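Letter by letter, the chains look like this.
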Amino acid sequence: MTSTKIEFDVQMTCQKCVNAVESALSKVEGVNSYQIYFEQGSVVVETNLPHSKIQEIIETSGRKAVLKGYGEFDISAVSMLGGNSGYSFGDLIRGVVRFVQTKDGCIVDGTIDGLSTGPHGLHVHECGDISKGCESVGDHFNPNNAPHGGPSDLPTQRHVGDLGNVVADETGRVTFRIMDNLLKVDDIIGRSLVVTEKADDLGKGDDPASKIDGNSGKRLACGIIARSSGLFQNAKKICACDGLTLWDERDKSINKQKNGSNGVISNNAVCIIL
């Protein structure tokens, strides 16, 4: 599986902190290498695991971590579902999905909370307009005028935006890392990502909607796909939303989600760091 590099800001104040982070990362299958830059307060991990898993692993050391850059020499983008930047039906669903272009294809790496347990369709849509929620994002991104299908189908038998299904666990969380050979980050910046109410039947169903949208039901949450920072491209530490440091903003976001989500804490809240 293709690996890529992910950069995190990590709160480290002494050599003990460095040792703790190193100990946490050294035990994990799927972490191919890592570099710890104490003076810069950053950790770069080369991995084939989802970014949220790596963040959780770093934080088992007792140090806070915030993702800062994704992809070395690669084009990357991010879509924030729900919250202040996206839209979700009932304002219950929140997620962060990242896209990074590699020589082997596009990595789609995300975590979404607030879903019902089971499979949900995931699609790139043609428009970056969420002025009317997820109803104004248009149809699936389909520049080849193909029928709806699944990610393993031939390019002539699927929309470019057809990413198949992601499966939420019993807490309503889904964590995934998909490699798609048809999707290109350059082509989807400014478009939207949508997660749906039901499973996508991948164009194999009997319903007429099967060849249109996989008969996957209501669009539950969406977010515009925007250009994001790669490694060492983001040097600042202040949140554009309210001027807080990224650590204060992280704690504020987690506390807000804890108080409003029956105790289930998500690290999906992301701020734009200037």
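Residues numbered from 1 in each chain as written. Predicted model: local features only at pLDDT ≥ 70, side-chain atom pairs only at ≥ 80, totals over all residues. Heavy atoms only, no water.

**Some remarks on the side chain of K68**
Working step 1: Tracing the chain through its elements places K68 in strand 4 (residues 65–70).
Working step 2: One polar contact links K68 to D9, side chain to side chain, over a distance of 3.3 Å. (Helix = DSSP H or I, 4+ residues; strand = E, 2+ residues; numbered from the N terminus. Polar contact = N/O pair within 3.5 Å; in protein donor to acceptor, adjacent residues only side chain to side chain.)

**Some remarks on the pattern of salt bridges**
Working step 1: In this structure the tally under the stated criterion is 6 salt bridges.
Working step 2: Residue D104 is joined to K103 by a salt bridge in which the shortest nitrogen-to-oxygen separation is 3.4 Å.
Working step 3: Here D113 ties to R173 by a salt bridge, and the two come within 2.9 Å at their closest N and O atoms. Placement of the pair is D113 in strand 8 (residues 105–113) and R173 in the loop between strand 11 (162–168) and strand 12 (174–180), with a sequence separation of 60 residues. Both residues of the pair, D113 and R173, belong to the buried class. (Salt bridge = Lys/Arg side-chain N within 4 Å of Asp/Glu carboxyl O. Buried < 20%, exposed > 50% of the residue type's maximum accessible area, 1.4 Å probe, protein only.)

**A few points about the packing of aromatic side chains**
Working step 1: In the structure shown here, the tally under the stated rule is 0 aromatic pairs.
Working step 2: The aromatic ring of F89 is capped on one face by K218, whose charged end is 3.9 Å from the ring centroid. (Phe/Tyr/Trp six-rings, centres within 6.5 Å; stacked < 30°, edge-to-face > 60°. Lys NZ or Arg CZ within 6 Å of the ring centre and 35° of its normal.)

**Notes on the state of the cysteines**
Working step 1: Summed over the entire model, instances satisfying the criterion amount to 1 disulfide.
Working step 2: Linked covalently through their sulfurs, C134 and C222 form a disulfide whose S-S length is 2.3 Å. In this structure, the disulfide formed by C134 and C222 twists by about -100° around the S-S bond and is classed as left-handed. Taken together, the residues C134 in strand 10 (residues 131–134) and C222 in strand 14 (residues 219–227) connect sequence positions 88 residues apart. (Disulfide = S-S within 2.5 Å.)

**Some remarks on the nonpolar core**
Working step 1: Grouped together as the largest cluster of nonpolar side chains are 27 residues, with contacts concentrated most on F99, V108, I112, L122, F176, L183 and L193.
Working step 2: Formed by 21 residues, the second largest nonpolar core is a distinct cluster that contains V21, V31, A65 and V100. (Core = buried A, V, L, I, M, F, W, Y, C linked by side-chain atoms within 4.5 Å.)

**Examining the environment of S116**
Working step 1: Position of S116 relative to the elements: it lies in the loop between strand 8 and strand 9 (118–125).
Working step 2: Between the C-alpha atom of S116 and that of K198, which follows or precedes it by 82 residues, the distance is 9.3 Å.

**What about the pairing of strand 13 (residues 192–196)?**
Working step 1: Across the 5 residues of strand 13, 5 count as buried, placing the element largely inside the fold.
Working step 2: Side-chain alternation along strand 13 places S192, V194 and T196 on one buried face and L193 and V195 on a second face that is also buried.
Working step 3: Judged from the 4 bridges that link them, strand 9 and strand 13 form a sheet pairing that is antiparallel. What sits directly across from H125, in strand 13, is S192.
Working step 4: Note: strand 13 against strand 14, 5 bridges, orientation antiparallel. (Pairing = 2+ DSSP bridges.)

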